[in-house]
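Spelled out, the chains give:
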Amino acid sequence: MSARAKARKRALDFLYESKMRSEPAISIFEKRGAGNLSEAAFVKELLTGISQNQAKISELITTYAQNWEQDRMPPIDVAILEIAIYELLYTPDLDAAIAISQALELAKSLSTDSSVSYINGVLGRIHKLKDSLL
């Protein structure tokens, strides 16, 4: 697993815990840290970026997660989508295929089989419309 993949997994852990505890993920991160310095820097970048763009990211999840309200979705799936959408829209130097692939790998290992295809569909729609969404 690459360093960035490990950092995404760690960011996912903080986002998931945030949803369970109703505490900002960045606050949890700041209390605990996240592994080595390069990993911690990327985790912080993800959590900060997601927090700063939360309204837009949540709006996109609600819009493109057809027939699903965020509060009805598994929290782990919402967190996976948040990371991937942030990377798709706000990390221009990252290939979209990597962001989507990493999200699907996390979903395969941590969520249900149906979540994988569902997340893929949501991210595919957002990626296709990316230029008109910003």
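Predicted model, so just to flag it, every value in this text is computed and none were measured. (Residues numbered from 1 in each chain as written. Predicted model: local features only at pLDDT ≥ 70, side-chain atom pairs only at ≥ 80, totals over all residues. Heavy atoms only, no water.)

A. Inspection of the packing of helix α1 (residues 3-21) against helix α6 (residues 96-110) at higher detail. With their axes 11 Å apart at the nearest point, α1 and α6 run at an angle of 60° to one another. Relative to α6, α1 is oriented oblique. Considering how the two elements wind past one another, α1 and α6 form a crossing that is right-handed. Where α1 abuts α6, its residues A5, R8, K9 and L12 lie against I98, Q102, L106 and L110. When the residues that make up the contact of α1 with α6 are grouped by side-chain class, the tally is five nonpolar, one polar and two charged. (Axes fitted to C-alpha atoms, helices over the stretch in contact; angles between N-to-C directions. Helix = DSSP H or I, 4+ residues; strand = E, 2+ residues; numbered from the N terminus. Parallel < 35°, antiparallel > 145°, perpendicular 65-115°, else oblique. Left-handed = near helix turned anticlockwise from the far one by under 90°. Contact = heavy atoms within 4.5 Å. Nonpolar A, V, L, I, M, F, W, Y, C, P; charged D, E, K, R; others polar.)

B. Fine view of unusual backbone geometry. For S22, which is not a glycine, the phi torsion comes out positive at approximately 50°. Its place among the elements puts S22 in the loop between α1 and α2 (25-32). Its relative accessible area of 70% is what places S22 among the exposed residues. (Buried < 20%, exposed > 50% of the residue type's maximum accessible area, 1.4 Å probe, protein only.)

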